[in-house]
Amino acid sequence: MASAASSQIAIQSAVDSLRRPLRPTLILSSAFALLAFLIHFISSLWGTHLGYGFFRDELYFLVCGHHLDWGYVDQPPLVAVQARLAEAIFGLSPTGIRIFSFAAGGANVGLTGLLTWQFGGRRSVQILAMTAALAAGVFLGTSNYLSMNSFEPCFWMGAILVVARMADGSTGPRGWLLFGLLAGLGVENKHSTAFFLVALLIGLALSPQRRLLWSKGCAAGVAILMLLALPNLIWQVAHHFPTYELLNNIAHSGRNVVLSPPAFLLEQVNMLLPTTAPLWIGGLVWLAFARAARPWRFAALTYLALLAMMMALHAKDYYVAPIYPMLFAAGAAALGQISRRKWRPIAYTAVFAVSLCLITGPIVLTILPPGKYNSYVKHFPGADAKTEKFTSPLPQYLSDRFGWDEMAQGFAARYNALPPDVRAQTAIFCGNYGEASAVNVLGRKYGLPTAISGHQNYFYWGWNGYTGESVLTLGNDAADYRDTYEEVTDLGAFDAPWIMDFEHHHYFWLRHRKRTYAADWPQFKLWD
């Protein structure tokens, strides 16, 4: 016992000798967080000027925000809360509703700097790590619109920072209370946090830091985590685990691109920016083998466990992404210890800054006119990587920002052309949550009624009392409706530039449904 205590004291002394004062790091990290926020804010305003609008999922999250609940078919509740608060505080505009996600993107960059400091990195390598986190396409892209993905790295890296400080003795067992708060909020933000927590448990159990698990503080932290996650769990039980049903449907749909392990690893390199690979791979090696990194050995094992789980489950490649700021920080700290020459991290930082300006920024942010996008990005291999099999003239995260207002206007023109007595009983039925949410968010100013759908959580929100006597919808072929409606009228095509290929539809007016919506509603459930 005395030997173990002496060893811990020696490790703590070595760590303290490497670590600089916290205050300058906080100032530097805050400056980088502000820089990241401004990049997102300005690029979003510019994108609106260029014609980029609301992203498909943003519209759905806004509708969820007006149906606040402890859970939804396809996500936990926090993203809906984020949407509702952003709309209430900043107004209904693409940039306004994204403010919290911009801030989360900045926080992720700042946390990367704090982790570098935690690992003993000096100021120049803190800048290196934060620039890598800022330039990495996956973080730059997911923080540029309202989403749960923007907050996920913050919860993960906050939790890692707390455990890392407990592991080297910088923080006592009470750190588990903050860990429980971050982990619980992370689960309520996105369910994939559960896989991160399992990986972290494996990493701690297989490392010398397993001692942290056998404390009252850990038990208290887990209790806080469970308390925060409990409302969504109760919702899942009460609704017979719809999220599991959804995930099972997706797994068997063939919609996602399934990658072999080598291809999965290659996409890790591509999504993070290839020039960052030496940094994060070096960080993994340093955490796994360096004597100076022994207090944080669990971190390398956590990453490897998470990577193995995601590959085994054929998950989307970006599901591993939130853990990489930890490896950026470790790689930068390792470089600072290996090389005392300041020009090396400065030169590497310059590479990332140039990559941000010339590669990842133009590829994932809304700064290029859509008509010039493809001609610019064709020079960068891997820029067209996909996680789903849908096709579009631009990458999905950009094409899905076009056409929504035009779609709502098309519905409004046809709805307002109906006789008043018919209009009063006419439903607008949409085949997916993007179309329905476009009507419900953007159609308000055109006087449209609330659209209904069977897609995702719209199924639970029901048919709003409509019978199906008169319905406006978007579809592909009139023959698809003749078995269930007595009259089917093609009201013309919907089209708009740059939209997803599957959104090129026709408007149809459907009359005299043979069975009511109430009778057939279970058949409309579409969870995919």
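Residues numbered from 1 in each chain as written. Predicted model: local features only at pLDDT ≥ 70, side-chain atom pairs only at ≥ 80, totals over all residues. Heavy atoms only, no water.

J.: How should I be thinking about the pattern of salt bridges in this particular structure?
T.: Two side chains of opposite charge can pair, provided their charged atoms sit close to one another. The full count for this structure, using the stated rule, is nine salt bridges. A salt bridge links Arg 56 to Glu 503; the nearest nitrogen and oxygen atoms lie 3.0 Å apart. Residue Arg 56 is located in helix H3 (residues 56-65), and its partner Glu 503 is located in the loop between strand S3 (485-494) and strand S4 (505-513); the two are separated by 447 residues in the primary sequence. Just as Arg 56 is buried, Glu 503 falls in that class too. A network of salt bridges, in which partner residues are shared, links Arg 56, Asp 400 and Glu 503. (Salt bridge = Lys/Arg side-chain N within 4 Å of Asp/Glu carboxyl O. Helix = DSSP H or I, 4+ residues; strand = E, 2+ residues; numbered from the N terminus. Buried < 20%, exposed > 50% of the residue type's maximum accessible area, 1.4 Å probe, protein only.)

J.: Looking at this structure, I do not really get the pairing of S4. What am I missing?
T.: Remember that side chains alternate between the two faces of the sheet whenever the strand is regular. The element S4 is extensively covered by neighbouring structure, given that seven of its nine residues are classed as buried. Alignment of strand S2 (residues 470-475) against S4, held across six bridges, turns out to be antiparallel. In the sheet register, Val 471 faces S4, and the bridge partner there is Leu 510. (Pairing = 2+ DSSP bridges.)

J.: What is the right way to read unusual backbone geometry from this model?
T.: Excluding glycine, residues mostly carry a negative phi; peptide bonds, for their part, are mostly trans. A positive phi angle is found at His 240, which is not glycine, with a value near 65°. Turning to its location among the elements, His 240 is positioned in the loop between helix H11 (216-238) and helix H12 (242-251). Taking relative accessible area as the criterion, His 240 reaches 66% and is therefore assigned exposed. For His 512, which is not a glycine, the phi torsion comes out positive at approximately 60°. Tracing the backbone through its elements, the reader meets His 512 in strand S4.

J.: Hey, could you run me through the environment of Leu 358 in this one?
T.: Of note, Leu 358 is situated in helix H17 (residues 343-364). Judged by its relative accessible area of 46%, Leu 358 falls in the partly exposed class. Residues within four places of Leu 358 in sequence aside, it is in contact with Tyr 376 and Phe 380. (Contact = heavy atoms within 4.5 Å.)

J.: Honestly, a nonpolar patch on the surface in this entry has me stumped. Any pointers?
T.: Together, Leu 230, Leu 233, Ile 234, Val 237, Phe 241 and Tyr 244 make up an exposed nonpolar region whose accessible area comes to about 580 Å². Take the nonpolar patch: its biggest share by element is four residues, from H11. Relative to the elements of secondary structure, Val 237 occurs in helix H11. (Patch = residues over 30% accessible without salt bridge, like charges linked within 9 Å, V, L, I, M, F, W, Y side chains within 5 Å. Areas by Shrake-Rupley, 256 points an atom, 1.4 Å probe, with all protein chains shown as cover.)

J.: Hey, could you run me through helix H2 (residues 22-50) in this one?
T.: At 3.6 residues per turn, the α-helix brings residues three or four places apart onto the same side. Over its 29 residues, H2 extends 42 Å from the first C-alpha to the last, a length consistent with the 42 Å expected when each residue adds 1.5 Å. Here H2 has its buried residues at Thr 25, Leu 28, Ser 29, Phe 32, Ala 33, Ala 36, Phe 37, His 40, Ser 43, Ser 44 and Gly 47. Among the structural elements, helix H5 (99-118), helix H6 (123-135) and helix H7 (137-142) are those in contact with the buried residues of H2. Positive backbone phi, approximately 110°, marks Gly 51, located one or two places after H2. (Expected span 1.5 Å × (residues − 1).)

J.: In this structure, what is going on with the packing of aromatic side chains? I would like to understand it.
T.: Here a ring pair, both rings aromatic, is described through the centre-centre distance and the interplanar angle of the planes. Enumeration over the complete set of coordinates arrives at 36 aromatic pairs. Taken together, a centroid distance of 4.3 Å and an interplanar angle of 25° make the contact between Tyr 60 and Tyr 433 stacked. Here Tyr 60 is found in helix H3, whereas its partner Tyr 433 is found in helix H22 (residues 433-442), with 373 residues between them in sequence. For the pair shown, Tyr 60 and Tyr 433 are each scored as buried. With centroids separated by 5.5 Å and ring planes inclined at 50°, the aromatic side chains of Tyr 481 and Phe 508 adopt a geometry described as tilted. Of this pair, Tyr 481 sits in the loop between S2 and S3 while Phe 508 is found in strand S4, placing the two residues 27 residues apart along the sequence. For the pair Tyr 481 and Phe 508, one class covers both residues: buried. Members of the aromatic cluster, joined through ring pairs, are Trp 235, Phe 429, Phe 459, Tyr 460, Trp 463, Tyr 517, Trp 521, Phe 524 and Trp 527. Above the ring of Phe 459, the side-chain terminus of Lys 525 is found at 5.9 Å from the ring centroid. Of note, Lys 525 hangs over the ring of Trp 527, and the distance from its end group to the ring centre comes to 4.4 Å. (Phe/Tyr/Trp six-rings, centres within 6.5 Å; stacked < 30°, edge-to-face > 60°. Lys NZ or Arg CZ within 6 Å of the ring centre and 35° of its normal.)

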